[in-house]
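# A structural walkthrough
One-letter residues, chain by chain:
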Amino acid sequence: MPETEIKIGGRSFNVSCQEGEEHFLQSAAKLLDAEATVLTDQIGRIPEPRMLLMAGLMLADKTAGLEEKLREAEGKLGTQEALIKEMRSTPAPDPERVEVAVIPPIVTDTLAELAARTEALADKVEEKVKAG
């Protein structure tokens, strides 16, 4: 079992770990060291056991908060996945029928009558111009 030196709160510790887990131990030590540094910056020099206890409690508090957020996110994810599943299983709605307004026959008849009168007037004007 390899021994690894870690530093927490400015103090060195030799810790044993499983083969290949040195990286994880160093990462965990860095988290604990960050909390211990906050404590020593705020309080000053404190006894080693108390520093480690308080830093561990601070990490535990952060971890509990993150676990709560994770549970909330997982709950929301489950809800969204259920909604997606429901939407995929629901058949597509029937296409909507869209009706386009049609010009009433009375309007087209009136326009045709106006066009005919206009043509008749144009013919009369042409006859007067030729005769004139």
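The sections below set out a description of the structure shown in this document. (Residues numbered from 1 in each chain as written. Predicted model: local features only at pLDDT ≥ 70, side-chain atom pairs only at ≥ 80, totals over all residues. Heavy atoms only, no water.)

Let us now look at the overall build of the chain. For the chain, the helix and strand inventory stands at three helices and two strands. Secondary structure of the chain in N-to-C order comes out as β-β-α-α-α. The C-alpha radius of gyration computed for the chain amounts to 43 Å, which surpasses the reference 14 Å derived for 132 residues by more than 25%, pointing to a less compact arrangement than a globule. Seen along its three principal axes, the alpha-carbon backbone of the chain occupies a region of about 125 × 45 × 30 Å. Evaluated residue by residue, the chain yields a buried proportion of 14% over its 132 residues. Taking the intrachain contacts of the chain between residues at least 6 apart in sequence as the baseline, contacts between residues at least 24 apart amount to 30%. Carbon and sulfur atoms provide 59% of the accessible area of the chain, an area that totals close to 11,300 Å². Across the chain, 16 positive and 25 negative side-chain charges occur, with their mean positions spaced 5 Å apart. (Helix = DSSP H or I, 4+ residues; strand = E, 2+ residues; numbered from the N terminus. Rg over C-alpha atoms; globule rule 2.2 N^0.38 Å. Buried < 20%, exposed > 50% of the residue type's maximum accessible area, 1.4 Å probe, protein only. Contact = heavy atoms within 4.5 Å. Areas by Shrake-Rupley, 256 points an atom, 1.4 Å probe, with all protein chains shown as cover. Lys, Arg positive; Asp, Glu negative; His and termini not counted. Charge placed at Lys NZ, Arg CZ, Asp CG, Glu CD.)

A few words now on the pattern of salt bridges. Within the structure shown, the criterion is met by four salt bridges. With a closest N to O distance of 2.6 Å, Glu-35 and Lys-62 form a salt bridge. Of this pair, Glu-35 sits in helix α1 (residues 22-43) while Lys-62 sits in helix α2 (residues 48-89); the two residues are 27 residues apart in sequence, bridging distant segments of the chain. Taking the relative accessible area as the measure of exposure, Glu-35 reaches 6% and is therefore buried. On the basis of relative accessible area, Lys-62 is assigned to the partly exposed category, the value being 47%. (Salt bridge = Lys/Arg side-chain N within 4 Å of Asp/Glu carboxyl O.)

Turning to helix α3 (residues 105-131), a few remarks are in order. For α3, which comprises 27 residues, the first-to-last C-alpha distance of 39 Å matches the rise-based estimate of 39 Å (1.5 Å per residue) to within 8%. Within α3, only zero of the 27 residues are buried, which leaves the element largely exposed. (Expected span 1.5 Å × (residues − 1).)

Their axes nearest at 9 Å, the elements α1 and α2 cross at an angle of 120°. The angle between α1 and α2 places the two elements in the oblique class. Read as a crossing pair, α1 and α2 show a hand that is right-handed. Where α1 abuts α2, its residues Leu-31, Leu-32, Glu-35, Ala-36, Val-38, Leu-39, Thr-40 and Ile-43 lie against Met-51, Leu-52, Met-54, Ala-55, Gly-56, Met-58, Leu-59 and Lys-62. (Axes fitted to C-alpha atoms, helices over the stretch in contact; angles between N-to-C directions. Parallel < 35°, antiparallel > 145°, perpendicular 65-115°, else oblique. Left-handed = near helix turned anticlockwise from the far one by under 90°.)

What follows is about the environment of Glu-19. With respect to the secondary-structure elements, Glu-19 resides in the loop between β2 (11-16) and α1. The spacing of Glu-19 and Met-1 is 18 residues in sequence and 6.1 Å in space, taken between C-alpha atoms.

This part is about the nonpolar core. By size, the foremost hydrophobic cluster in this structure holds 13 residues, and its most contacted members are Ile-6, Ile-8, Leu-32, Ala-36, Met-51 and Ala-55. Breaking this core down by element, the ones donating at least two residues are β1 (3-8), α1 and α2. Element by element, the count of residues in this core is highest for α1, at five residues. (Core = buried A, V, L, I, M, F, W, Y, C linked by side-chain atoms within 4.5 Å.)

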